[in-house]
Amino acid sequence: MINFDFSFVKGVGWYPGHMLKATRDIRKQLKLVDVVVILTDARTPISSLNEGLIKITSTKPILIVLNKADLAEDEKTLEWAEYLKSKYENCDYVITETLKRRGLRQITDSARKLIKEDRKKKGATRPLLRPIRLMIVGVPNVGKSSLINALNRKKSTRTGPRPGVTRSQQWITLADDMELLDTPGIMPPGNPLVECGLRLGLINAVKQDLIGKSLLVTYLISQLFKHENYNHLKSFGVKFPVTDYDHILETISAKMGYKLPGNMPDIRKTEEYILREYTDGKFGKMTLDIHPDSQAKSDVTILWPDAKINMDAEEDKES
Ligand SMILES: Nc1nc2c(ncn2[C@@H]2O[C@H](COP(=O)(O)OP(=O)(O)OP(=O)(O)O)[C@@H](O)[C@H]2O)c(=O)[nH]1
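Residues numbered from 1 in each chain as written. Predicted model: local features only at pLDDT ≥ 70, side-chain atom pairs only at ≥ 80, totals over all residues. Heavy atoms only, no water.

> I'd like a description of the overall build of the protein, backed by residues and values.
Along the backbone of the protein there are 13 helices and eight strands. For the protein, the proportion of its 319 residues judged to be buried stands at 52%. In the protein, of all internal contacts separated by at least 6 residues, the share reaching a separation of at least 24 is 71%. Accessible surface for the protein amounts to roughly 15,400 Å². Of this, 51% is attributable to carbon and sulfur atoms. (Helix = DSSP H or I, 4+ residues; strand = E, 2+ residues; numbered from the N terminus. Buried < 20%, exposed > 50% of the residue type's maximum accessible area, 1.4 Å probe, protein only. Contact = heavy atoms within 4.5 Å. Areas by Shrake-Rupley, 256 points an atom, 1.4 Å probe, with all protein chains shown as cover.)

Right, dumping it as structure tokens:
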């Protein structure tokens, strides 16, 4: 078997200037909203959660949406959802497959329920006479705009398979009694633990070129091996057991006809193709984050060792 080692990888964080501005805008808009809807990718429920956003919005009820559940293992998604619900106060979850329009109704139902409970807790006696307001937040590419488009049949929000498509906040009126605020994807500042960063690269939350596509393909293949998920590789003619990593890429390149002059395999094109296949779900359902019960608690919670310091520093500057 191949031995995979990623300990040499350094600095996989991504926090461009517009994310700092977007974080400040979220703080400013917070007083206008009733529920914060935090999207995460069901394949990486904790790695793509951005707990810093939960922290800065913690005065509001939180609805965690585990989206892209079509790409994750169902049982693990449910376990993660229950874990996250128990971790935060005033919190509920919904599991969605936005492109298949699954789970959408539960979002509006759960949001209304959270608002009702929150108002009751705060002693509100009169009914809310304005539309309820939901703020949609999350790291890039988890499907915020797709979700809004799915909820809003007018389809006015731009989407794309690259991170960072949404650059500014926008309010969208859904029905008479509901308004949504779309926000740009925001990463925690600083650098995550290496595996967390690689997972974020694989799900396209971090620009893949920043991490390196070769590295991401190696990480993907290490995960396929770990999950004994061999079917798609076998469909290209990869022979198991594999002892040579190059055999995998060369076999796929030959199958796809990706050649350089001199009949050499075009590895770069092959790697890009493998990442596209992953994005398109061709490797099947695979949850990348390890369930919290099967690892040390610190490994789950401290994915961004220096993010807390940075978030606090930002708060200090603003106060
Ligand atoms: N398989 C799958 N793909 C999805 C799902 N929801 C969204 N996508 C895809 O994920 C990609 C990113 O979706 P967006 O809606 O642009 O994500 P975003 O969070 O708004 O991205 P930013 O603008 O970068 O913050 C698009 O290619 C969508 O088609 C889903 O439930 N399942």
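> I'd like to hear about the pairing of strand β4 (residues 132-138), residue by residue, with values.
Of all seven residues in β4, seven are buried; the element is thus mostly enclosed. With burial as the criterion, each face of β4 is covered, one bearing Ile132, Leu134, Ile136 and Gly138 and the other bearing Arg133, Met135 and Val137. In this sheet, β4 lies alongside strand β1 (residues 35-41) in parallel orientation, the contact comprising five bridges. Across the sheet, the residue bridging to Val37 is Ile136, located in β4. As judged from the five bridges shared by β4 and strand β6 (residues 178-182), these two strands associate in the parallel manner. From the neighbouring strand, Arg133 faces β6, where its bridge partner is Glu179. (Pairing = 2+ DSSP bridges.)

> A description of helix α11 (residues 267-279) should follow, citing residues and the corresponding values.
Between its first and last C-alpha atoms α11 spans 18 Å; for 13 residues at 1.5 Å apiece the expected length is 18 Å, and the two agree. For α11, the set of buried residues is Thr270, Glu271, Tyr273, Ile274, Leu275, Glu277 and Tyr278. Its buried side turned inward, α11 meets α6 (194-202), α7 (208-211), α8 (213-226), α9 (231-235) and α10 (245-256). Looking at the residues trailing α11, positive phi occurs at Gly281, about 80 degrees. (Expected span 1.5 Å × (residues − 1).)

> How would you summarise the pattern of salt bridges if you had to cite specific residues and measurements?
Applying the stated criterion across every chain yields a total of 19 salt bridges. Residue Asp41 pairs with Arg43 through a salt bridge whose shortest N-O separation is 2.6 Å. By relative accessible area, which is 0% here, Asp41 ends up buried. Since its relative accessible area comes to 3%, Arg43 is described here as buried. Of the charged contacts in the structure, one is a salt bridge between Glu277 and Lys282, with a shortest N-O distance of 3.7 Å. (Salt bridge = Lys/Arg side-chain N within 4 Å of Asp/Glu carboxyl O.)

> Got a sec to walk through the packing of aromatic side chains? Specific residues and values, please.
Overall, the coordinates contain 10 aromatic pairs when judged by the stated rule. With a centroid separation of 6.4 Å and 0 degrees between ring planes, the pair formed by Phe4 and Phe6 is classed as stacked. Taking the relative accessible area as the measure of exposure, Phe4 reaches 22% and is therefore partly exposed. Ring centres of Phe225 and Phe240 lie 5.9 Å apart, and the angle between their planes is 50 degrees; on these two criteria the pair is classed as tilted. With Phe225 in helix α8 and Phe240 in the loop between α9 and α10, this pair connects stretches of sequence that are 15 residues apart. One aromatic cluster is present, formed by Phe4, Phe6, Tyr219, Phe225, Tyr230, Phe240 and Tyr245 through successive ring pairs. (Phe/Tyr/Trp six-rings, centres within 6.5 Å; stacked < 30°, edge-to-face > 60°.)

> Would you mind going over the sheet that holds strand β5 (residues 170-175) in detail, with residue names and values included?
Read across the open sheet, the six strands follow the order β3-β2-β1-β4-β6-β5; overall the sheet is mixed. Each edge of the sheet is formed by a strand with only one pairing partner; in this case those strands are β3 (91-95) and β5. Between one strand axis and the next, the sheet turns by 25 degrees as a mean value, whatever way the strands run. The sheet strands contacting helix α3 (residues 74-87) are β2 (62-67) and β3, and the helix crosses β3 at an angle near 165 degrees. Seen against the sheet, helix α4 (residues 104-121) touches β1, β2, β3, β4 and β6 and runs at an angle of roughly 175 degrees to β3. (Axes fitted to C-alpha atoms, helices over the stretch in contact; angles between N-to-C directions.)

> Just give me the short version of the nonpolar core, but keep the residues and values in it.
Core analysis: the largest hydrophobic core is formed by 92 residues, its most contacted members being Ile64 and Ile248. Each of two domains, domain 1 (17-190) and domain 2 (194-298), supplies a minimum of three residues to this core. (Core = buried A, V, L, I, M, F, W, Y, C linked by side-chain atoms within 4.5 Å. Domains from an automatic or database assignment.)

> Requested: an account of the environment of Gly143, with residues and values cited.
Along the chain, the position of Gly143 falls in the loop between β4 and α5 (144-151). Residue Gly143 is classed as buried on the basis of its relative accessible area, which comes to 13%. What Gly143 contacts, discounting residues up to four positions off in sequence, is Leu39, Asn67 and Lys68.

> Summarise the environment of Leu71; cite the residues concerned and give the values.
Turning to its location among the elements, Leu71 is positioned in the loop between β2 and α3. Here Leu71 falls in the buried class, since its relative accessible area comes to 11%.

Any functional reading would require information that these geometric values do not contain.
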